[in-house]
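If you want the building blocks of each chain, they are given just below.
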Amino acid sequence: MQIDFSKNHFELFHLPVAYPIDLPALEQAYREVQREVHPDRFANSSGAEQRLAAQWATQVNEAYRTLKSPLARGRYLLKLHGIDTEEESNTAMPVDFLIQQMEWREAVEGAKQSKDEVALERLTSQKRDEEKRLFVLLASQLGDDAVRADGRETVRKLRFLEKLGEEIDDAIERLEG
Amino acid sequence: MALLQIAEPGESTAPHQHRLAVGIDLGTTNSLVAAVRSGTAEVLRDQDNQPLLPSVVRYFADGRVVVGHDAKASQAEDPQNTIVSVKRFMGRGIADVAKYGALPYQFEDASGMVRLKTVAGTKSPVDISAEILKVLKQQADKALLGNDDGELVGAVITVPAYFDDAQRQATKDAARLAGLNVLRLLNEPTAAAIAYGLDNRSEGTFAVFDLGGGTFDISILRLSRGVFEVLATNGDSALGGDDFDQAIAAHWRRTLGIASTDQRDLRRLLMRAREAKEALTSNSSTESDLALSLGQSIKLKLSREEFHAMTDALVQRTLQPVKKALRDAKLSVEEVDGVVMVGGATRMPHVQAAVAKLFGREPLNNLDPDKVVALGAAIQANTLAGNRSGDDLLLLDVIPLSLGLETMGGLAEKVIPRNSTIPVARAQEFTTYKDGQTAMAIHVVQGERELVKDCRSLARFDLRGIPPMVAGAARIQVMFQVDADGLLSVSARETTSGVETRVEVKPSYGLADDEIAAMLKSSVSHAGEDAAARALAEERVEAARTIEAVEAALRKDGDELLATDERAAIESAIAELGEIAKGEQHREIKDAIARLAHVTENFAARRMDRSVANALRGRKLDDVKLS
């Protein structure tokens, strides 16, 4: 038995299929659906209902996780439009972006060496600003048939920044530890 | 185990009874059992009116087992056969327990988990924990069933939030071995939050700081309109009050030149250390005498300043996980509305002070830190047992540690990141690296480190029967699934060939079902009881439970959601199961339960679809197409 997975994540929560999202509405819908399907509701039910609840709750968690994150949501919307972001296979990037990446990575390395937590925090906020800029760009690309496919590159850039963020967090954690 | 009355199909079942379920806090130092009675959660006391059962188990050569206060009182007599803090050994190997300091036991290495040599034979931490749980179960049966107000349907067992898969599985195995039906494994800080949240009618973001006898957890939760959502959790499953005792004992050994290696002396020294730690919560200094086995007596002294100085590093070790959890939850300390202290070790003034300083606010400790976890577990057990009330709470918990796979070069590739809300499933694709490769080794690990050797190994298995192809052509999908207990199962299959090879793994330390059955058969409390009779009794209970659940669903939604022939098919499967359950063949009953489950699948799916649709009714449906 399978759940009807033909519904996309937006439809599952009765939300419009679009990049801008009403986060409080998403959160509320998530809780409302989870309240109905969570395995805790079926601890005393038949085996069929327990299995179904586990599948549903898993799917609802996945949908919520995807829609909550602006990067995952963008990637998912592109996929719904049949556009693969090729994050694993396509590593081609504009030169200026690559140069900026190298500079950032050097700065992270330097801050790590000199145990400069303030510099790491500053890099985090710079990275956040750049992400914000790219999310705005992604929103406009996703809303426009003519340039939607360009969203691929924006998603790949955002994935780079996400990895950079993880590196900075690790470095801060190590300094605190 | 009590048997349900099986009603004839069509015949009405017994009038609705309150379904009794208990919450059990299986602690490092003390264990408790609690239940909701007359609408209130309360700790069930033993015959001497004691709420706490010391988690101490003493084995005798004649096979007798003594658990609790008596075992604790005599721990220095026979330290090697009197096991304290067994929780610290659950799911741990010999290298792990070596880090705990000097302990008076004879450890034996075994695959996955240590064993302890006792006069009653070699015992695993699962066996020893099961002894504690059996006593709690008896206590519960006595308190609840004595007044004939129902049957015990199961238990919620709490575990430290930072317990990994090995430790969780071991806990569940121990409960099954004690004859308990485990409704859910519940994280201790989440249980505490339930008790606190309901008590204080709170809303907002809370940090639960839980320092127990042997484990430390920090959970950040958001409470909103009956939903408890864990945003992040962190901790150290090998840090607790016991380490403070060890620090004091080591200090005395060093400064007073105590060289005795007698295990009774070692145990007495640890007891004095614990007493000193507790005394220093309200006194500025403490003194006691240590009588050594060779007749010598030593005066032991300690001031609060000395104690705090020598254990400051341990307190600091709790603060790193707090910061990590806040970072994972993307919150600053200012955004936390309250800090809840749980666990006996949070009574230490320097722990309270350090937490207050970090959060810039006084922590809440108006509920007994020893009981709050069991009370929360009891509330959840009551809900899970089906005693619904209008304002039920919903718990959304997370996995504490990332789950991954070993890839080339001994690197760990994360498949499910830490703090993912459970239940969760995620698949990862791999391919072959040699032409004609027909097998692939899969190594499942848990932890945050990059190298496999720094993570905990959970399971290794081989996927065989891959059709020979050129390198890189096969598509091996490895699927990780974590259930609502936080337990992992892994399967793998080759997707391109249509040939499906599927392997289900239970992590290697976990006991297989037949091992559990064998242990049940041989365990003292079930001696003389035939395993087949037991299996029959269990299947009959399951049959009754299933029939009851399906009939309740039919009464509620059968008319609306089922065609006449569909309903007839279900009713005939119920009748068939009812008939077979009167027989003596447990396998046949099991098969009939499976058949009933099968014919109700579509009905179950329709019920679920409808409840989801109802929940979201009124939500605007325009725009629900690709824009």
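Residues numbered from 1 in each chain as written. Chains lettered and ligands numbered in written order. Predicted model: local features only at pLDDT ≥ 70, side-chain atom pairs only at ≥ 80, totals over all residues. Heavy atoms only, no water.

## As for the overall build of chain A
Part 1: On a plain count of helices and strands, chain A comes out with 7 helices and 0 strands.
Part 2: Secondary structure of chain A in N-to-C order comes out as α-α-α-α-α-α-α.
Part 3: Principal axes of the C-alpha set define a box for chain A whose edges measure 60 × 50 × 30 Å.
Part 4: A total of 177 residues make up chain A; the buried ones form 46% of that total.
Part 5: Within chain A, contacts between residues at least 6 apart in sequence are counted, and of these 68% link residues at least 24 apart.
Part 6: Just so you have it, chain A exposes about 8600 Å², and 50% of that area is on carbon and sulfur atoms. (Helix = DSSP H or I, 4+ residues; strand = E, 2+ residues; numbered from the N terminus. Buried < 20%, exposed > 50% of the residue type's maximum accessible area, 1.4 Å probe, protein only. Contact = heavy atoms within 4.5 Å. Areas by Shrake-Rupley, 256 points an atom, 1.4 Å probe, with all protein chains shown as cover.)

## Looking at the interface of chain B and chain A
Note: interface size is frequently given as the accessible area lost on complex formation between the parts.
Part 1: Every contact between the two is made by 55 residues of chain B and, on the other side, 52 residues of chain A.
Part 2: Together chain B and chain A conceal approximately 4700 Å² of surface at their shared face, both sides included; 52% is due to carbon and sulfur atoms.
Part 3: In this structure, the connection of chain B to chain A is made through 6 salt bridges.
Part 4: Taking the shortest distance from any N to any O, the salt bridge between Glu49(A) and Arg607(B) comes out at 2.8 Å. (Buried area = accessible area lost by both parts, 1.4 Å probe. Salt bridge = Lys/Arg side-chain N within 4 Å of Asp/Glu carboxyl O.)

## A closer look at the environment of Ile379(B)
Residue and element names in this part refer to chain B.
Part 1: Positionally, Ile379 belongs in helix H10 (residues 372-384).
Part 2: Overall, the relative accessible area of 18% leaves Ile379 in the buried class.
Part 3: Residues Ile379 and Gly404, 25 residues apart in the sequence, show an inter-C-alpha distance of 34 Å.

## Thoughts on the sheet that holds strand E22 (residues 424-430) of chain B
Residues and elements named next belong to chain B.
Part 1: With antiparallel pairing, 3 strands are arranged side by side in an open sheet as E22-E25-E26. The two strands at the open ends of the sheet, each matched to only one other strand, are E22 and strand E26 (488-494). Averaged over neighbouring strand pairs, the angle between their axes works out to 15 degrees when direction is ignored.
Part 2: Sheet topology note: the E22/strand E25 (residues 476-482) ladder contains 7 bridges and is antiparallel. (Pairing = 2+ DSSP bridges. Axes fitted to C-alpha atoms, helices over the stretch in contact; angles between N-to-C directions.)

## Considerations on the sheet that holds strand E5 (residues 56-59) of chain B
All names here are of chain B.
Part 1: Taking strand neighbours across the sheet as the criterion, the 3 strands line up as E6-E5-E7 in an open arrangement whose pairing is antiparallel. Two strands in the sheet have a free side with no partner beyond their single neighbour: strand E6 (65-67) and strand E7 (82-84). Pairwise comparison of adjacent strand axes, ignoring direction, gives a mean angle of 15 degrees for this sheet.
Part 2: Two strands pair when backbone bridges link them, and E5 and E6 are joined in this way by 3 bridges, in the antiparallel orientation. The residue of E6 that forms the bridge with Val57 is Val67.

## Regarding the nonpolar core
Side chains that are nonpolar tend, in soluble globular proteins, to be buried together.
Part 1: Counting 53 residues, the largest nonpolar core has Phe13(A), Val37(A), Trp56(A) and Val60(A) as its most contacted members.
Part 2: Once you skip the residues sitting within four places of it in the chain, Val60(A) turns out to touch Leu12(A), Phe13(A), Tyr30(A), Val33(A), Gln34(A) and Val37(A).
Part 3: In terms of nonpolar packing, the next biggest core, distinct from the first, is built from 46 residues, Ala35(B), Ala130(B), Leu177(B) and Leu180(B) among them. (Core = buried A, V, L, I, M, F, W, Y, C linked by side-chain atoms within 4.5 Å.)

## Quick look at a negative patch on the surface
Part 1: Together, Glu121(A), Glu166(A), Asp169(A), Asp170(A) and Glu450(B) give the surface a local cluster of negative charge.
Part 2: Considering each element in turn, the negative patch owes the most residues, 3 residues, to helix H7 (residues 151-176) of chain A.
Part 3: Tracing the backbone through its elements, the reader meets Asp170(A) in helix H7.
Part 4: Under the relative-accessibility criterion, Asp170(A) is labelled partly exposed at 36%. (Patch = residues over 30% accessible without salt bridge, like charges linked within 9 Å, V, L, I, M, F, W, Y side chains within 5 Å. Lys, Arg positive; Asp, Glu negative; His and termini not counted. Charge placed at Lys NZ, Arg CZ, Asp CG, Glu CD.)

## Things to note about the packing of aromatic side chains
Part 1: Evaluated as defined, the whole model comprises 10 aromatic pairs over all chains.
Part 2: These aromatic residues form a ring-pair network of at least three members: Phe89(B), Tyr100(B), Tyr105(B) and Phe107(B).
Part 3: A cation over an aromatic ring shows up here: Arg73(A) above the ring of Tyr19(A), its NZ or CZ 4.7 Å from the ring centre.
Part 4: Directly above the ring of Tyr100(B) sits Arg88(B), whose terminal nitrogen or CZ lies 4.3 Å from the centroid. (Phe/Tyr/Trp six-rings, centres within 6.5 Å; stacked < 30°, edge-to-face > 60°. Lys NZ or Arg CZ within 6 Å of the ring centre and 35° of its normal.)

## Some points on the pattern of salt bridges
Part 1: Scanning the entire structure with this criterion turns up 59 salt bridges over all chains.
Part 2: Between Arg159(A) and Glu162(A) there is a salt bridge, with its nearest N and O atoms 2.4 Å apart. Highlighted residues: Arg159(A) and Glu162(A), both in helix H7, separated by 3 residues, approximately one helical turn.
Part 3: Relative accessible area serves as the criterion here: at 23%, Arg159(A) is assigned to the partly exposed category.
Part 4: In this structure, the salt-bridge partner of Asp245(B) is Arg274(B), at a minimum N-O distance of 3.1 Å. Placement of Asp245(B) in helix H6 (residues 241-256) and of Arg274(B) in helix H7 (residues 263-279) is noted, with a sequence separation of 29 residues between them.
Part 5: Classification of Asp245(B) by relative accessible area gives buried; the value is 3%.

## A short note on the pairing of E25(B)
Part 1: Across the 7 residues that make up E25(B), a large majority, 5, are buried.
Part 2: Where E25(B) folds back onto E26(B) in an antiparallel hairpin, the turn is made up of 5 residues, including Gly486(B), whose phi is positive at roughly 80 degrees.

## Considering the packing of H6(B) against H7(B)
All names here are of chain B.
Part 1: At a minimum axis distance of 8 Å, the contact between H6 and H7 shows a crossing angle of 115 degrees. When the interaxial angle is binned, H6 and H7 end up roughly perpendicular. Crossing hand, H6 versus H7: right-handed. Along its contact with H6, which presents Gly241, Asp242, Phe244, Asp245, Gln246, Ile248, Ala249, Trp252 and Arg253, the element H7 presents Leu266, Leu269, Leu270, Arg272, Ala273, Arg274, Ala276 and Lys277. (Parallel < 35°, antiparallel > 145°, perpendicular 65-115°, else oblique. Left-handed = near helix turned anticlockwise from the far one by under 90°.)

## Points about the side chain of Asp96(B)
Residue and element names in this part refer to chain B.
Part 1: Among the secondary structure elements, Asp96 is positioned in helix H2 (residues 94-97).
Part 2: By relative accessible area, which is 15% here, Asp96 ends up buried.
Part 3: A polar contact is formed between the side chain of Asp96 and the side chain of Arg456, at a distance of 3.0 Å. (Polar contact = N/O pair within 3.5 Å; in protein donor to acceptor, adjacent residues only side chain to side chain.)

## Points about a positive patch on the surface
Part 1: Together, Lys68(A), Arg128(A), Lys132(A) and Lys330(B) give the surface a local cluster of positive charge.
Part 2: Along the chain, the position of Lys68(A) falls in helix H3 (residues 47-68).

## Considering H7(B)
Residue and element names in this part refer to chain B.
Part 1: The end-to-end C-alpha separation of H7 is 24 Å, in line with the 24 Å expected for 17 residues at 1.5 Å each.
Part 2: Buried positions along H7 lie against E7, H6, strand E16 (285-291), strand E17 (297-303) and helix H8 (304-328).
Part 3: Where H7 begins, the side chain of Asp262 points an oxygen toward the backbone nitrogen of Arg264, at a separation of 2.7 Å. (Expected span 1.5 Å × (residues − 1).)

## Thoughts on the environment of Gln138(B)
Part 1: Within the secondary structure layout, Gln138(B) lies in helix H3 (residues 125-145).
Part 2: Gln138(B) sits 92 residues away from Asp46(B) along the chain, and the two C-alpha atoms are 9.4 Å apart.

## Some points on the side chain of Thr346(B)
Part 1: With respect to the helices and strands, Thr346(B) occurs in the loop between strand E18 (338-342) and helix H9 (349-359).
Part 2: Residues within four places of Thr346(B) in sequence aside, it is in contact with Phe209(B), Leu211(B), Met341(B), Val351(B), Gln352(B) and Pro369(B).

## Some words on the packing of helix H6 (residues 117-142) of chain A against H7(A)
Each pair of packed helices can be summarised by the angle the axes make with each other and by the distance between the axes.
All names here are of chain A.
Part 1: With their axes 10 Å apart at the nearest point, H6 and H7 run at an angle of 160 degrees to one another. Compared by their axis directions, H6 and H7 come out roughly antiparallel. The crossing of H6 and H7 is left-handed.
Part 2: For the contact of H6 with H7, a count of residues per class yields 14 nonpolar, 5 polar and 8 charged. (Nonpolar A, V, L, I, M, F, W, Y, C, P; charged D, E, K, R; others polar.)

## Section: unusual backbone geometry
Residue and element names in this part refer to chain B.
Part 1: Pro423 follows Ile422 through a cis peptide bond whose omega is 0 degrees.
Part 2: Structurally, the position occupied by Pro423 is in the loop between strand E21 (411-416) and E22.
Part 3: One non-glycine residue, Asn49, lies in positive phi territory at about 65 degrees.
Part 4: Here the phi dihedral of Lys330 falls at roughly 55 degrees; this positive angle occurs in a residue that is not glycine.
Part 5: Residue position: Lys330 is located in the loop between H8 and E18.

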